[in-house]
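Topology and contacts: notes
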Amino acid sequence: MFFVIVALIGFVVFAFAVTDRGRGQVLVDRAFLEYQLGDYYGWLKNRVSNPVYWSRISSCLRDAHVCSGMGRIVQDPATGVLATESADMFYQRQLSPIESGCCKPPMSCGYIYVNETLWNPGVGMAVNDVDCSRWSNDQQQLCYRCDSCKAGVLATLRRSWRKVSVINIVILIVLVVVYAFACGFRKSKWMDNGEAYGQARMTKSRSCRFQF
Ligand SMILES: *[C@@H]1O[C@H](CO)[C@@H](O)[C@H](O)[C@H]1NC(C)=O
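Calculation criteria
Residues numbered from 1 in each chain as written. Predicted model: local features only at pLDDT ≥ 70, side-chain atom pairs only at ≥ 80, totals over all residues. Heavy atoms only, no water. Helix = DSSP H or I, 4+ residues; strand = E, 2+ residues; numbered from the N terminus. Buried < 20%, exposed > 50% of the residue type's maximum accessible area, 1.4 Å probe, protein only. Contact = heavy atoms within 4.5 Å. Areas by Shrake-Rupley, 256 points an atom, 1.4 Å probe, with all protein chains shown as cover. Near = heavy atom within 4 Å. Polar contact = N/O pair within 3.5 Å; in protein donor to acceptor, adjacent residues only side chain to side chain. Nonpolar A, V, L, I, M, F, W, Y, C, P; charged D, E, K, R; others polar. 1 Å grid on protein atoms, 1.4 Å probe; cavity = no way out; pocket = protein on both sides within 12 Å on 5 of 7 lines; lining within 4 Å. Points joined across faces, edges and corners; volume = space filled by probe spheres on them. Expected span 1.5 Å × (residues − 1). UniProt positions renumbered as here; feature names shortened; annotations may be inferred. Patch = residues over 30% accessible without salt bridge, like charges linked within 9 Å, V, L, I, M, F, W, Y side chains within 5 Å. Salt bridge = Lys/Arg side-chain N within 4 Å of Asp/Glu carboxyl O. Disulfide = S-S within 2.5 Å. Phe/Tyr/Trp six-rings, centres within 6.5 Å; stacked < 30°, edge-to-face > 60°.

Attention shifts here to the overall build of the protein chain. Along the protein chain, the regular secondary structure elements total 8 helices and 6 strands. Taken from the N to the C terminus, the helices and strands of the protein chain come in the order α-β-β-α-α-β-β-α-α-β-β-α-α-α. Counting every position in the protein chain, which comprises 212 residues, the buried fraction comes to 33%. Here the contacts in the protein chain between residues at least 6 apart in sequence split such that 59% fall between residues at least 24 apart. Looking at the protein chain as shown, the accessible area adds up to about 12800 Å², and 61% of this sits on carbon and sulfur atoms.

What follows deals with the site of the ligand. Lining the immediate environment of the ligand, one finds Cys67, Gly71, Asn115, Glu116, Thr117, Leu118 and Gln139. The separation between an oxygen atom of the ligand and a polar side-chain atom of Asn115 is 2.2 Å. One of the side-chain N or O atoms of Thr117 is found 2.8 Å from a nitrogen atom in the ligand. Compared with its free state, where it exposes 360 Å², the ligand has 56% of that area covered by protein. By residue class, the composition of the shell around the ligand is 2 nonpolar, 4 polar and 1 charged.

Quick look at the layout of surface pockets now. Where empty space is left can be seen by rolling a probe of water-molecule size over the atoms. By volume, the largest pocket is sized at about 200 Å³. In terms of lining residues, the largest pocket is bounded by 16 residues, among which Glu34, Tyr35, Gln36, Pro106 and Asp129 are the most central. Contributions of two or more residues to the lining of the largest pocket are made by helix 5 (97-102), helix 6 (130-134) and helix 7 (147-192). Looking at the lining of the largest pocket, its residues break down into 5 nonpolar, 6 polar and 5 charged.

With 17 residues, helix 1 (residues 2-18) ought to run about 24 Å at 1.5 Å a step, and its terminal C-alpha atoms sit 24 Å apart, in line with that. For helix 1, every residue scored as buried is listed here: Ile5, Leu8, Val12, Ala15 and Val18.

Here the focus is the UniProt feature "transmembrane region" (unreviewed entry) in the protein chain. Per the UniProt record, "transmembrane region" (unreviewed entry) is found at residues 166-185. Secondary structure across residues 166-185 comprises 100% helix and 0% strand; the distance between its end C-alpha atoms is 29 Å.

Under the local residue numbering, the UniProt record ascribes the feature "signal peptide" (unreviewed entry) to residues 1-17. For residues 1-17, the end-to-end C-alpha separation is 24 Å, with 94% helix and 0% strand making up the annotated structure.

Attention now moves to a nonpolar patch on the surface. Among the surface-exposed residues, Met1, Val166, Val170, Val174 and Val178 lie close enough to one another that they form a single nonpolar patch of about 430 Å² accessible area. Within the secondary structure, Val174 sits in helix 7. Note on Val174: relative accessible area 48%, which makes it partly exposed.

The subject of this paragraph is the state of the cysteines. Within the structure shown, the criterion is met by 4 disulfides. Two residues, Cys102 and Cys149, share a disulfide whose sulfurs are 2.0 Å apart. On the sign convention where negative is left-handed, the bridge of Cys102 and Cys149, at about 90° about the S-S bond, is right-handed. Within this pair, whereas Cys102 is found in helix 5, its partner Cys149 is found in helix 7, the two being separated by 47 residues in sequence. Grouping residues by exposure puts Cys102 and Cys149 together as buried. Two residues share a disulfide in this structure: Cys143 and Cys146, whose sulfurs sit 1.8 Å from each other. Because the torsion about its S-S bond is -75°, the bridge between Cys143 and Cys146 counts as left-handed. Side by side, Cys143 and Cys146 carry an identical accessibility label, which is buried.

A word on the packing of aromatic side chains. Evaluated as defined, the whole model comprises 10 aromatic pairs. Residues Phe32 and Phe90 carry aromatic rings whose centres are separated by 5.7 Å and whose planes lie at 50° to one another, so their mutual orientation is tilted. With a gap of 58 residues between them, Phe32 in the loop between strand 1 (25-26) and strand 2 (33-34) and Phe90 in helix 4 (residues 87-91) connect regions that are remote in the sequence. One exposure class covers both Phe32 and Phe90, and it is buried. Ring geometry for Phe90 against Trp119: centres 5.8 Å apart, planes inclined by 65°, an arrangement best described as edge-to-face.

Below, the structure written as C-alpha cells:
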C-alpha cells in the first residue's frame with residue numbers, strides 16, 4: 001500500500017513536471033488556438049521532436065486520417081447546393097491541437113483558404129516562420145513536418161496526462177484516507193485492549209506512522 005501511494009505521487013509529480021507549460025495561443029478573430037513548439041521544453045518535447053520518433057508519430061497521424069476527417073460539407077441556404085464550408089465558417093470552428101497544428105498552415109503565414117486542408121499562397125507572404133515553407137498542399141504532407149504539428153501533439157499529450165493525473169490524485173486521496181483510517185483503527189483497538197502507554201503500543205503506532 002505504501003509503495004502504491006509513493007508510486008502514484010511519483011507519477012503525478014512526473015506528469016505535472018513534464019507537462020508544465022504549453023497552452024495554445026489565442027488568435028484574433030479565430031475560434032481555434034495555435035500551438036508553438038517554443039512553448040514546450042524538457043524531456044517530453046525532446047522525445048517528440050527526435051527525428052526517429054517524429055517520423056513514427058507523423059506516419060501514425062497520416063494513417064489515422066485526422067486531417068481528411070476535418071472536411072465539412074454545408075448546404076447553401078439560398079440555393080441548396082452542397083459545398084465545402086467557407087473560410088469564415090472554418091475560422092469560427094474549434095479545432096483539436098493536432099487539427100490546428102498539423103492540418104493547416106499557421107495563420108501568420110497568410111495562406112488563403114480553399115478548403116480545410118488546401119491553402120493557396122497569399123501575395124507578399126511573410127516567411128518569418130519556417131513552418132510557412134514546410135506547408136504542402138499534397139494531402140499526404142500538409143503540415144506534418146511543421147513545428148506546429150509537434151506542438152499540437154505535445155498539447156494533446158499534455159491534456160491526456162493531466163486527465164490521468166486528476167484520476168490518480170482522486171485514487172491517491174482515497175488510498176490515503178483508507179490508510180489513515182486503518183492506522184487509526186488499529187491504534188484505538190490497542191487502547192481498548194488496555195495496552196495504553198505500553199512499549200508495544202508506542203512502537204506499533206510509531207511503525208504505522210513511519211510506514212506512512
Ligand atoms: C480539399 O480539397 C482537396 C482537393 O480537392 C482534397 O483532396 C481534400 O480532400 C480536401 N480536404 C478536405 C478536408 O476535404
